[in-house]
Amino acid sequence: MIINIHGFTGDWKHQNGYFPLKEYAEKYGFIFIVQDGELDSNNRRRWNAIDACCGTRHDLPDHSSYLRSVINHAKDSFSIDENRIYCMGFSNGGMMSYRMAIDHSDILAGIVVVGGISYKDKKYAPKFPIHVLHVHGTLEANFNGTKLGDLAFYHAPTPSVHGNINNWKEFNNCEPNYVKEKALDLVARLPGKETKIINFHNEKTGCDVELWQVENGVHVEEYSESMKNMLVEWILDHSKIKN
């Protein structure tokens, strides 16, 4: 089962169009859920994810507990493989996916994050190992990290993408495994294979923490259909690590 989480000011319809999963669900045989966040006091739909994005933490309920309840309801209602429950999200939805990984590593096998980021403070860490795939363009405004005030809708500093990946490889006790330059063609508008893969791996647990770094990629990127298929295949290749 995959929980597919929209970005800041988006909704389930937008996410279902940007990262549609129905075709892949039918092809590979999984359940997916796409739901709305809530409108905040400024009438902007978002998720109450991390301190940074995308508003005060005090005008929305605890969406981490809410999504846990969605997962539990789905488990009670459908035949779910409990070793294959994932969150994936774009931007603020990616941040919510990181929040879910921190709070619910007991039930999640892994997360996929596109354009999001996690906390800068390493005290926010998962209790159990969890697979992470992070996709990020080098031209995104938060790629090199942010200070308070850099982005109007960020309410806390954020780590750089590489700093974030290093945090998560430490959380999962992963070691550098491989770097593949110009490994993937994820964006049709960019020439050739524009994406570098940086992989960290824990040989004992089998945990992977992986970055797909899109050279000259932007935040709202025109990702190809083959890229979306690759994301799903990556997810399905990474079942839950035994706690």
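Residue numbers here run from 1 along each chain, matching the order of that chain's written sequence. Where totals are concerned, whole chains, interfaces and linings use all residues; where local detail is concerned, this predicted model gives features only for residues with pLDDT of at least 70, and gives and counts side-chain atom pairs only at 80 or more. By convention in this description, side-chain values take in all heavy atoms of the structure and omit both hydrogens and water.

*Asks:* Is there a simple way to think about the overall build of the protein chain in this case?
*Replies:* Secondary structure assignment for the protein chain yields 6 helices and 10 strands. Only the C-alpha atoms count toward the radius of gyration. The rule for a globule is 2.2 Å times the residue count to the power 0.38. On C-alpha atoms alone, the protein chain measures out to a radius of gyration of 17 Å, which is about the 18 Å that the 2.2 N^0.38 rule sets for 243 residues. Viewed in the frame of its principal axes, the protein chain has a C-alpha envelope of about 45 × 45 × 35 Å. Each residue is placed in one exposure class: buried if its accessible area under a 1.4 Å probe, protein chains only, is under 20% of its type's maximum, exposed if it is over 50%, and partly exposed if it falls in between. Looking at the protein chain residue by residue over its 243 residues, the buried ones come to 55%. We call two residues in contact whenever any of their non-hydrogen atoms come within 4.5 Å of each other. Restricting to contacts in the protein chain with at least 6 residues of sequence separation, those with at least 24 account for 64%. Here the Shrake-Rupley method, with its probe set to 1.4 Å, supplies the accessible areas, and only the displayed protein chains count as covering residues. Of the roughly 10,800 Å² that the protein chain leaves accessible, carbon and sulfur atoms contribute 49%. A run of H or I in DSSP becomes a helix once it reaches four residues, and a run of E becomes a strand once it reaches two; helices and strands are each numbered from the N terminus.

*Asks:* I tried to follow the environment of Gln 35 on my own but got confused; where do I start?
*Replies:* By secondary structure assignment, the location of Gln 35 is in strand β2 (residues 32-35). Put simply, Gln 35 and Phe 128 are 93 residues apart on the chain and 26 Å apart in space, counted from C-alpha to C-alpha. When residues no more than four places from it in sequence are discounted, the contact partners of Gln 35 are Ile 3, Asn 4, Ile 5, His 6, Trp 12, Trp 47, Tyr 66, Leu 67 and Val 70.

*Asks:* How should the state of the cysteines be read in this particular structure?
*Replies:* Working definition of a disulfide: a covalent bond connecting the sulfur atoms of two cysteines. The term disulfide is used for any two cysteine sulfur atoms that are within 2.5 Å. Within this structure, the stated rule accounts for 1 disulfide. There is a disulfide in this structure between Cys 53 and Cys 54, and the S-S distance comes to 1.3 Å. Neither residue differs from the other here; Cys 53 and Cys 54 are each classed as buried. There is no disulfide at Cys 174, and the cysteine sulfur nearest it, in Cys 207, is 4.2 Å away. By relative accessible area, Cys 207 is classed as buried at 0%.

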